[in-house]
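Single-letter residue listing:
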Amino acid sequence: MGTVRIPDVVPSPTEDCETLLKAFKGLGTNEKSVISVLGHRNVSQRKKIRETYEQLYNRSLVDDIFAELSGDFRKAVILWTYDPSERDARLANEALKSRKKTITQLQVIVEIACASSPDHLVAVRQAYCGLFNCSFEEDITANVPMPVRKILIGLVRSYRYDKELVDPSIANAEAAILREAIRTKQLDSDNFLMILSTRNFHQLRATFECYKQNYGFSIDQDIKSCGKGLLESILKVVIWCIDSPEKHFAGVVRASIVGIGTDEDSLTRDIVTRAEVDMMKVRGEYFIANKTSLDNAVIGDTSGDYMKFLMTLLGAKV
């Protein structure tokens, strides 16, 4: 369940565009108006606003946002304004072209592949080709070393059955295959990858449950025992995004704010991409794990219009 609050009476796209243009005109920008419009519109309403803005003024809404806003606030508003498939394609490209290829960057690819619907993944792949003149897989191949490359390509190529269908005998058999791959530390084996990248999410959750019942530890715990490299870290994110995406994203928020400084990119990505999907569950998991609210965490580590916009997406009245 999402957290974005949509007003009972929504202005027309034309009225919203007029409000936004007025907010951009003159000396300075009326950030409050920008938040009040875009922060309270769902994905289809934002699409109509983008299209109407270009029709009315012959200019791009995203370009005007870029020109008028700044910093983390600007990045958050732009990501929110994009169509979700374009947003994720751009986030993936940014991660792949980053100098660093740590778990912080590459988990973005896993989130898109394993915490989204099969249709959304297809839409992201199509958007990626249109935006960057190459396929998602090509850029993974060019920018990610083996064996992590093999895992990521297998995941983004997948088109899973998206209905609830579970075969207990397959779950039990494939739990044994996963166990053997982990025991022999062959985490990039074809059988291991086939199971993780092709089975539907309900089937995989049953397999993970069989694994725990049969072998005494959760599969992510046993993967952790194989080592602390990038491959093990990526596979743990795969397991979490399939088994409990809300726990994964609660962990992303926590990791983005602990220690000195804040990882605003991860925090922004988490809230923007999940606000219309499962942010209520993410907030619940955050509270269970940290005994404090996600809202308080955001307020404590952000400020200004950036904080107000994130809190708006979290459903707060600011």
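Every residue gets a number counted from 1 within its own chain, in the order that chain's sequence is written. For this predicted model, a pLDDT threshold of at least 70 governs which residues receive local features, and a threshold of 80 or more governs which side-chain atom pairs are given and counted, while totals over whole chains, interfaces and linings are taken from all residues. Hydrogen atoms and water are omitted, and side-chain values are computed over all heavy atoms in the structure.

- As recorded in an unreviewed UniProt entry, the protein chain goes by the name Annexin, listed as coming from Nicotiana tabacum.
- UniProt positions are given in the numbering used here, feature names are shortened, and annotations may be inferred rather than shown by experiment. The protein chain has a UniProt comment under Sequence similarities (unreviewed entry) that states "Belongs to the annexin family."

## Comments concerning the overall build of the protein chain
Phase 1: In terms of regular secondary structure, the protein chain is built from 20 helices and zero strands.
Phase 2: Atoms counted for the radius of gyration: C-alpha only. Globule rule: 2.2 Å times residue count to the power 0.38. Since a compact globule built from 318 residues should have a radius of gyration of about 20 Å, the 21 Å found for the protein chain is in line with a globular shape.
Phase 3: Counting over 318 residues, the protein chain shows a buried share of 49%.
Phase 4: It only takes one pair of heavy atoms within 4.5 Å for two residues to be counted as in contact. Considering only contacts in the protein chain between residues 6 or more positions apart, those separated by 24 or more positions represent 71%.
Phase 5: Taken as a whole, the protein chain presents about 15200 Å² of accessible surface, with 50% of it coming from carbon and sulfur.
Phase 6: When charges are counted, Lys and Arg are positive and Asp and Glu negative, with His and the chain ends excluded. To locate a charge, take atom NZ for lysine, CZ for arginine, CG for aspartate or CD for glutamate. Looking at charge distribution, the protein chain has the averaged site of its 42 positive side-chain charges lying 3 Å from that of its 43 negative ones. In DSSP terms, a helix is any run of H or I states spanning at least four residues, a strand is any run of E spanning at least two, and both are numbered starting from the N terminus. The cut-offs for exposure are 20% and 50% of the maximum accessible area for each residue type, with area from a 1.4 Å probe on protein chains only; residues under the lower value are buried, those over the upper are exposed, and the others partly exposed. To be clear on the numbers: accessible area is Shrake-Rupley with a 1.4 Å probe, and residue cover counts the displayed protein chains and nothing else.

## Some thoughts on the environment of I182
Phase 1: For I182, the location among the structural elements is in helix α11 (residues 168-183).
Phase 2: By relative accessible area, which is 5% here, I182 ends up buried.
Phase 3: Separated by 96 residues in the primary sequence, I182 and E86 have C-alpha atoms spaced 36 Å apart.
Phase 4: Among residues more than four places away in sequence, those in contact with I182 are L187, F192, Y211, I219, D222, I223 and C226.

## Here's the deal with the pattern of salt bridges
Phase 1: One side-chain nitrogen of Lys or Arg within 4 Å of one carboxyl oxygen of Asp or Glu is enough to make a salt bridge. Tallying each qualifying case throughout the model produces 16 salt bridges.
Phase 2: Put simply, R59 and D64 hold a salt bridge, and the shortest N to O gap is 2.8 Å.
Phase 3: What makes R59 partly exposed here is its relative accessible area of 39%.
Phase 4: Owing to a relative accessible area of 11%, D64 belongs among the buried residues under this scheme.
Phase 5: Residue E174 is joined to R199 by a salt bridge in which the shortest nitrogen-to-oxygen separation is 2.5 Å. Residue E174 is found in helix α11, and its partner R199 is found in the loop between α12 (190-198) and α13 (201-215); the two are separated by 25 residues along the sequence.
Phase 6: For E174, a relative accessible area of 5% gives the class buried.
Phase 7: Residues participating in the shared-partner salt-bridge network are K75, E94 and D265.

## Regarding the environment of A127
Phase 1: In this fold, A127 is placed in helix α8 (residues 118-132).
Phase 2: Spatially, the C-alpha atoms of A127 and P84 are 9.9 Å apart, while their sequence positions differ by 43 residues.
Phase 3: With near-sequence residues (within four places) excluded, A127 lies in contact with S85, E86 and A89.

## Thoughts on the state of the cysteines
Phase 1: Disulfide: a pair of cysteine sulfur atoms within 2.5 Å of each other. Here the structure, examined in full by the defined rule, presents zero disulfides.
Phase 2: With no disulfide partner, C114 has as its closest neighbouring cysteine sulfur the one in C241, 6.2 Å distant.
Phase 3: The exposure class of C114 is buried, given its relative accessible area of 1%.

## Section: the side chain of H120
Phase 1: Inspection of the secondary structure assignment puts H120 in helix α8.
Phase 2: Owing to a relative accessible area of 18%, H120 belongs among the buried residues under this scheme.

## Things to note about the packing of aromatic side chains
Phase 1: Only the six-membered ring of Trp is used, alongside the rings of Phe and Tyr, when aromatic pairs are assigned; centres must lie within 6.5 Å, and planes under 30 degrees apart are stacked while those over 60 apart are edge-to-face, with the rest tilted. Counted under the stated rule, the structure contains five aromatic pairs.
Phase 2: Summarising the aromatic geometry, the rings of Y128 and F136 are spaced 5.0 Å apart at their centres and angled 15 degrees between planes, so their arrangement reads as stacked. We note that Y128, like F136, is buried.
Phase 3: Here the aromatic rings of Y211 and Y215 are separated by 5.2 Å at their centres, their planes lie at 65 degrees, and the arrangement is edge-to-face. Here Y211 and its partner Y215 are both found in helix α13, four residues apart, which amounts to about one turn of the helix.
Phase 4: Taken together, the ring pairs in this structure connect Y128, F132 and F136 into an aromatic cluster.

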